[in-house]
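# A structural walkthrough
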Amino acid sequence: MLIHPQINPIAFSVGPLSVRWYGLMYLIAFVLFIVLGRLHARRRPESGWTPQAIDDLLFYGVLGVIIGGRLGEVLFFQPGYYFSNPADIIAVWKGGMSFHGGFLGVLVAMWLYGRKHGRGFWEVTDFIAPMVPLGLAAGRIGNFINGELWGRPASPDLPWAMVFPLVDDLPRHPSQLYQAAGEGLLLFLILWFFAAKPRPRMAVSALFLLGYGCLRFIAEFFRTPDPGIFGTLSMGLSTAQWLCVPMVLAGALLFGYSRKLRT
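Quick look at the structure, then.

Rules and cut-offs
- Residues numbered from 1 in each chain as written.
- Predicted model: local features only at pLDDT ≥ 70, side-chain atom pairs only at ≥ 80, totals over all residues.
- Heavy atoms only, no water.
- Phe/Tyr/Trp six-rings, centres within 6.5 Å; stacked < 30°, edge-to-face > 60°.
- Buried < 20%, exposed > 50% of the residue type's maximum accessible area, 1.4 Å probe, protein only.
- Helix = DSSP H or I, 4+ residues; strand = E, 2+ residues; numbered from the N terminus.
- Pairing = 2+ DSSP bridges.
- 1 Å grid on protein atoms, 1.4 Å probe; cavity = no way out; pocket = protein on both sides within 12 Å on 5 of 7 lines; lining within 4 Å.
- Points joined across faces, edges and corners; volume = space filled by probe spheres on them.
- Nonpolar A, V, L, I, M, F, W, Y, C, P; charged D, E, K, R; others polar.

## Details of the packing of aromatic side chains
- The tally for this structure, following the rule as stated, stands at 15 aromatic pairs.
- Geometrically, the ring pair formed by phenylalanine 59 and tyrosine 60 is edge-to-face, given 6.0 Å between the ring centres and 90° between the ring planes.
- Overall, the relative accessible area of 52% leaves phenylalanine 59 in the exposed class.
- Centroid distance phenylalanine 99 to tyrosine 212: 3.8 Å. Interplanar angle 25°. Geometry classified as stacked. Highlighted residues: phenylalanine 99 in helix α4 (residues 99–117) and tyrosine 212 in helix α8 (residues 203–219), separated in sequence by 113 residues.

As structure tokens, then:
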């Protein structure tokens, strides 16, 4: 069986300043957004997105991701711990960011951006959707480096079963890498090629909701469930899986509605 390498969470230090791998993964995600955003704008010049506009989008997005992701982790998944240790709420460098919270935070941020710059909400979200998945992949790699969000026990015969020594001696699914490949790389490829041509308003956003919701729902069967505010609910589904249900339903409805709109 493979053994988790137990990588030092600190990538490097400069004097008293320590830079963690988790933070570097977020920096990589933001750089990828800028690079992909400019490539996307060039191949779709009729969209009217400029480098300056993309930089402004990133600023809004960073605030939405960090504030929403942290509040989501605090309120949806570990309220008991954080309310008992309020100082840790701002310790984002230690990990602990909820996708669903970050997603809601980004939606609010994109609405604020659109309102300020005179762009429709769906115009903004359709543009940014293809750039999001590789950032998610970077975050999952950060989870793997930290040795957090490990998978459920797996058969020792599974060639890539991995022991996480800080957890126990059981072989487990490296679910962080599953999610990096599924919600990250695979979803990116789907959205990147889908968005290469003009699509009806909200179609790209709807496909993101559908794709992420389905891929995350599947990945949760291999990941040790977070306790969440609801714990494990009916049908043995985790809090994260139940949070994916409205995403999938909304994505399906929006995608169906978008097909009735003109491109």
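## Looking at the sheet that holds strand β5 (residues 171–172)
- Ordered by their spatial adjacency, three strands build an open sheet running β1-β4-β5, and the pairing between neighbours is mixed. The open sheet has two edge strands, β1 (2–3) and β5, and neither has a second partner.

## Points about the layout of surface pockets
- If you add up the space inside the second largest pocket, you get close to 310 Å³.
- If you go around the second largest pocket, you meet 16 residues; those closest to its centre are Arg44, Glu123, Asp126, Phe127 and Arg199.
- Tallying contributions element by element places helix α5 (residues 121–128) first for the lining of the second largest pocket, with four residues.
- Grouping the amino acids of the lining of the second largest pocket by side-chain chemistry returns seven nonpolar, three polar and six charged.

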